[in-house]
Structure formats: structure tokens, C-alpha cells
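Working through the structure, step by step
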Amino acid sequence: MSTHRDRLRQAMGDKVQFVQGDDACAYGAILAGCTFFAGYPITPATEVAERMAEILPKIEGCYIQMEDEIASMGAIVGASWTGVKTMTATSGPGFSLMQENLGYAIMTETPCVIVNVQRSGPSTGQPTLGAYGDMMQARWGTHGDHEIIMLCPASVQEAMELTIVAFNLAEAYRTPVLVFIDGELGHMRERLVIPEDDEFELVERTCATSREGYRPFAADENLVPAFAPFGAGFRTYVTGLTHNEAGLPRSASAPIHDQLVRRLADKILRNTDQIIRYEEFGAEECEIAIIAYGITARACRDVVEEGRQRGLKVGLLRLITIWPFPDEVVARWATRVQAILVPEMNLGQIVHPIREAVAGRCPVMLQSKIGGELHTPTELIDALEELRCQVC
Amino acid sequence: MHVIELNEHWCKGCRVCVFHCPTKSLRIASRFTMRGIHPPELVEAERCNGCRLCELLCPDFAITVMEAVSVNA
Amino acid sequence: MSGLLKLKTAAELRQIYLRHEMFPTIFCDGCGLGNVLNYTLWALDELQLDLDRTVFVSGIGCSSRLSGYVNADGMHTTHGRALAFASGIKAAQPDLNVIVFTGDGDGSGIGGNHLLHTIRRNMDLTVILVNNFTYGMTGGQVAPTTPIDSFSTTTPYGNIEYPLDICALAQTLGAPYVARWMINQPYPPIKSIAQGIQKRGFALIEMLVPCPTAYGRRNGLKQLETIWQWYRDHTILIDDYEHIMHFGSPEERAALHDKIKIGVFQDYERESFEERWATLVEQVKL
């Protein structure tokens, strides 16, 4: 008799496939145990929904196409409160619409995953082309003080792996987690190897064990409250208003608001060592560093090799977790190098927290590229040469 | 004979019960409750037919109509 | 509905169904929102619904505070989005009873598109939509339901827009159960809410609720007695309405022009989203 995990594999198909980044995000969700997806079609993220619509009924999950992205975000938050793992996927215009209920998910400590396959904006922009213009919207798009977790894969394989990680972080910290790719990576086909169950870890949210004295928003030492799903008799009241540990509205209380919102931020900020992921190449004897993320980091990887052959002492810090921002890692690099190049597929977004972390220790040069084309290795080498002339 | 039991913590003295009483047995009392409002009171206990409309219409779950039980000494 | 003869007392209802730490309510004098809660609880009691398996979902506004008063799982969501959250809950866990409290602004204004599509999809939800003709919590602005020529803080010279008939919309969209009631009479709404909960698929119960504070005071209906009487004088049972339209004199028919129809407008069977999804899963599951 086949187990549920066997059925997941059967639903996804061959162990080795040639698929798009969007498909990989869907596969990652299925492997992580996601059984509920609500979404709305949008280029270039639609294939995530298509894949989920195909797989979920096969494994007795639920796919629902909502009337818009506002409703999609609402539906995954509602569904998550029944105790299941939930996801939605969108692109820039849809992500704008999700901001309202993303804030609700943060305030109500609802685990869920949002994939944003970015395209150029503002507005409708370039629907079929990639961009990284939503990096700051991810950080500050929903109103009010908050922290957010965001992961940026650089390959199809990594899109799948980091979607699994995103679910784990969402469950561990009871918070929405963002997986940000772009139209290029979303639509690019690469070899994908679906891992065996013993090759990755799964995290489940901590659930309340006793109804006696249960307070739904009283946190443990890790600052995360134990979860009680709807229908289990805990009779939890969930509100986006400022609430006390019992979950009841206390919207006029300054101390309760202060305590709640600081805890929501601190549960992420105090666990950055568990959340932050990055990769370093050529960190030794490095004079000029590139700090990059997402698909841009792929060309940078080649540039490290090529630059070194040309006598440029180049290194690469590839950021995987963008939020919470790895400022200590960036600061450490800043003390060792003479200059930093930041190539971004936007007019300069992550360069700002980088400059803040560098704090004037060395020059930071932004290399913007917008319009839907990727940085070429040649352009990057030229920028590095220019930077070397400036600092050496 | 009927009596009304009033939850004085919840009654806000809105008069919905007084307005709807079909036998006009309720009125607003001159006394204050702990919440600082004038609660309803049953003044015409013989006229009250125990229809419970005040109980059903109370927006605050504050009124319960009960049959009065006489206790012999 | 013989259960109605065995009504519990308000004191018993309080003990069983209410979250005592949330009381007293925030509602103004003369507001009918507490009545909607009251009737809902009597309906729950008549059905002996398991509170552990019932979730109350709401949006934002005075009416959306109702979910917090019931001692069950509750979700007080964002403005207009209650149906989206409720759909997620119901689709993910179809054996939960999901009851939505919403208002006219919440449910048919900012949440109008969700209302439309949740009905079309026929989600098995019971939606108790409280219509008080105004945005009460923000202080009495014009709503999609505000009668023409009425005054509000944002129509200081009178409302020039035509109001929305929410029940007519729900009927057109094919909701299996559509009803509207005033709150002056408890029994019809209690029975109707119970029917709505039992109905598989989407049930809409619109409750006309007086708001003397935000709406009434700008429209000559400031006194509790005046505004509650207004609902008696300006509503008519659908049955009576049709009778007069068929058999009444021209004068009697003309007198209906400012009356709001109340009663059960639609009641039929239609497979719900969850039932159809379950059938699909049976066909394709591995």
C-alpha cells in the first residue's frame, strides 16, 4: 500500500525533470506538505497555480481560484487556521493587492507562503520579463511596524528547495514567508532533481496540547505562541486589531500594542542565525566584492572566476535571505574589501541596506539594469574594472 | 405572575424592551445601576403575560423573564 | 420548528454561547446589532450546533464585532474580506460550520466583489449581513445601501446615488437561500437563520438594523422609538407585497413605493463548491 508521501511523488512525476522555476516552487510546496492553494492568474506566476491545480486534487488537497489576489491571500490565511499548510503565488500587481492581508497574516501569526514571480513595474509594466523591483515592497509594503522573511533562489533547483525552507520558517515562526523569484527564473527550464524524503527536513508548527488555561497569543521562550487550529475546541478569537495574549481586542492600550508588535518583530530578529542564509565565493584575498541575489547572482558567480583569471581579486556574497537583512555578514565583508559592487535588476533597492551595513567602510557602487534583461558577465567585469580604477 | 431578572453589568438602558412591551408593563426606573444608567423595571407584574418579547428583543442578553414562585412560610 | 417552543432563557444562552470577557457590548443605545447576535444564538441553540465545530468570521465595522462575542473559534478579518477568509476555512475543512457576520459597507461595498464570487461559487457559508444604511463605526458616511436623498457626513446635501438591493443581487447570482428581515420581530429571523445554517451552499440573511447614532440622527430618526417604528412602517412581507400588487387598488399599490420587502426570497437546492470539489477529488485522486 502506498503512503501519502508516495502519492506526492507520483503526483509530481519523474524524479528528474526539465521544468520551469514556477513548477519548482509548486513542487517545493507539495514536498513541504502544502495541501491548500488559493490564487489568481498573473503572468509570469500562473504556472505555479496551474501546477498546484493539477496536483492538489490528486493528493486530496484543495485548489481554489479566487476572484483576485486580495481574496487569494485571505483564503490562504483562513485555510491555514484550520491547521493546513497553505500557499499562493503572484507577480507585482497581485503582490500589491496582497499587502493588506499580508499584514493581517503577520499580526495574527498565520503561517503561509507567498511566491512572487517578479516582473517590471510600476503598474502593469513588462508582464513577461523579469525584474527585482519588489524587494522594498516586500519589506515595507504592508503598513505598520513589522518584520518579514524573504528568500531569493537563483536556480530552478533552488526555487524548489527554498520553497520547502519557506514553509519550514513559516511554521517555525508562525509568520508569512516570501519566496521571490522573477519572470526569467520563473519561466526558465532547468534540470530539477526531486529529493528523497530523507534529504530534506520538515518543520511543523507547535500546536497547543491542552485547552486548560490556553492563551492563543501567549508566546514561548522562542517568542512564538502555540497554535490551536479552528475546530479543535480551543475557541480561539483571531483579530487584526491589537490584542492581548487571550486574543481579545485591546486596541486602545499603548503597553499591549508595544508588547505585541515588539514581540512580533523580535521573534524574527532574535532568530536571525536560524533564518539567514547566504553563500560566499572567493572570500579569501578579496579586494572587490560583489553582493548579489536572485538570478543576477548566477552571472556574478562566473565573473568571480573570470575576474580572478584577469587578475581582479573578486569575491561574491550571494544573499539568499534578503529579509531579515544579513547586515552583520555584509559588515564583515565591508571590513575586508576595498569596494563593493551591487548589481540589481532595479534602480537600487537592496543597495540601501547594504550601504547602511557597510557604514562608509568602503565605497559601494550600484549597477542597475532594468527593462527585463539580465546583467551580462561582460558588463559586470567592466563595472569591476571601473570600480578598481576608482579605489586603487 | 412574572418577574424579570436583569444583568445590570450588561444592560445599557436602551429602552428597546420598554418600547416593545405589548402590555406596557415595563418602565425605565429612576434609580441608577453600577454602569450609571437607568435600567428597566417591571411595574405592572399582574399585567405582564410572560410573553418574553423583552427577553428576545434585548440586544444585550440582559433580561430573563421568569415565573414568580410563591413560597409559603 | 417545534424547537422554538423550548427556547432557552437569555440567562442560559449567556452561559452557553457568549465570551463573557467581551461584555458588555460596544453597541450604542437603540442599535439592533445585539438583536442579530441574540437571534443567531437562538438559532444555534435550536439546531444544537456544536460550537467546537463552528467558526464565526467577520470583516470590519460595527457588525463585524459580533464574531468576538460568541464563545467559539472566531476570525475578525480585514475590511470587506470576511468571505475570502471564510471560503479558505470552509474549502480547507468542509466539515466546519462557517457563519459570517458582515455589514452593508463591509459586505456589499468594499467586499462586493467577494460577495458576488462567493455566491457564484456557492460556498457553503451562512452570511448574516447587517444593513444599517451607513458606515457606522467611522461615524456615519454614505454607504452603498443608503437610501436616495438621505443625509450622511459625506452626503451633507443629500445622497444622489441609487442604493443597492443586496438580496436582489444574491437572488440573481443564484444563492440557494436569500432572506431579509427587520429585527423588531424575533421569531422570523431566528427561524430564518436556522434555515440558512442548515442550507447546503450559500445562504444570505440580510438583517435591517436601526442605527440611530450614525444614520438616524441625520435623517429625523434619532429617537429609539422613532427609528424602530420606521422599520415597522417601511417594511412589508413579500407575500403581502405580491398580494397587493395582484389584487390591490391603485392607491394601495402606490403606497408600496417606499416599502422594503422582507421575507424569504429564494430557497432551493444547489450543490455547493465543497460537494463538487469532493466529487472531483474522488475522480482524480491517486
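For the structure itself, look to the data block above.
Notes on the structure follow.

Each value, and the rule that gives it
- Residues numbered from 1 in each chain as written.
- Chains lettered and ligands numbered in written order.
- Predicted model: local features only at pLDDT ≥ 70, side-chain atom pairs only at ≥ 80, totals over all residues.
- Core = buried A, V, L, I, M, F, W, Y, C linked by C-beta atoms within 7 Å.
- Buried ≥ 20, exposed ≤ 12 C-beta atoms within 10 Å, placed from the backbone.
- Helix = DSSP H or I, 4+ residues; strand = E, 2+ residues; numbered from the N terminus.
- Domains from an automatic or database assignment.
- Contact = placed C-beta atoms within 7 Å.
- Nonpolar A, V, L, I, M, F, W, Y, C, P; charged D, E, K, R; others polar.
- Pairing = 2+ DSSP bridges.
- Axes fitted to C-alpha atoms, helices over the stretch in contact; angles between N-to-C directions.
- Parallel < 35°, antiparallel > 145°, perpendicular 65-115°, else oblique.
- Left-handed = near helix turned anticlockwise from the far one by under 90°.

Before going further, it helps to examine the nonpolar core. Membership of the largest hydrophobic core comes to 224 residues, with the highest contact counts inside it found for V113 of chain A together with V100, I128 and L204 of chain C. With 12 residues, the top contributor of residues to this core is helix α7 (residues 156-173) of chain A. For this core, the domains that each give at least three residues are domain 1 (4-199) and domain 2 (279-391) of chain A. Not counting the four nearest positions on each side in its chain, V100 of chain C is found in contact with V57, S58, A82, L83, A86, L125, T126, V127 and I128 of chain C.

With that settled, the discussion passes to the arrangement of the chains. In this assembly, two pairs of chains are in contact, and the pair with the greatest number of contacts comprises chains A and C. Structurally, chain A and chain B remain out of contact, their C-alpha atoms never closer than 18 Å.

Listed per partner, the contact involves 40 residues of chain A and 34 residues of chain C. At the level of secondary structure, the elements contributing two or more residues to the side of chain A that touches chain C comprise α1 (4-12), β2 (34-39), β3 (62-65), α4 (69-80), α5 (92-107) and β10 (237-239) of chain A. In terms of residue count, the dominant contributor to the side of chain A that touches chain C is α4 of chain A (eight residues). In terms of residue class, the side of chain A that touches chain C is made up of 23 nonpolar, 10 polar and seven charged. In the sheet, β10 of chain A pairs with strand β2 (residues 73-76) of chain C via three bridges, with the strands oriented parallel. By the bridge assignment for β2 of chain C, V238 of chain A is matched with M75 of chain C.

A word on the packing of helix α12 (residues 327-336) of chain A against helix α13 (residues 351-358) of chain A. Residues and elements named next belong to chain A. As a packed pair, α12 and α13 sit with axes 8 Å apart at the nearest point and diverge in direction by 60 degrees. Taken together, α12 and α13 sit at an angle that is classed as oblique. The two elements α12 and α13 meet at a crossing, and its hand is right-handed. Residues D327, V330, A331 and A334 of α12 pack against P353, I354, A357 and V358 of α13. Residue classes in the contact of α12 with α13 are distributed as seven nonpolar, no polar and one charged.

Turning our attention to the pairing of β2 of chain C. Residues in a regular strand project their side chains so that they alternate between the two faces of the sheet. All names here are of chain C. The alternating pattern of β2 places D73 and M75 and G74 and H76 on opposite faces, both of which are buried. Sheet topology note: the strand β1 (residues 54-58)/β2 ladder contains four bridges and is parallel. The residue bridging V55 from the neighbouring strand is D73, located in β2.

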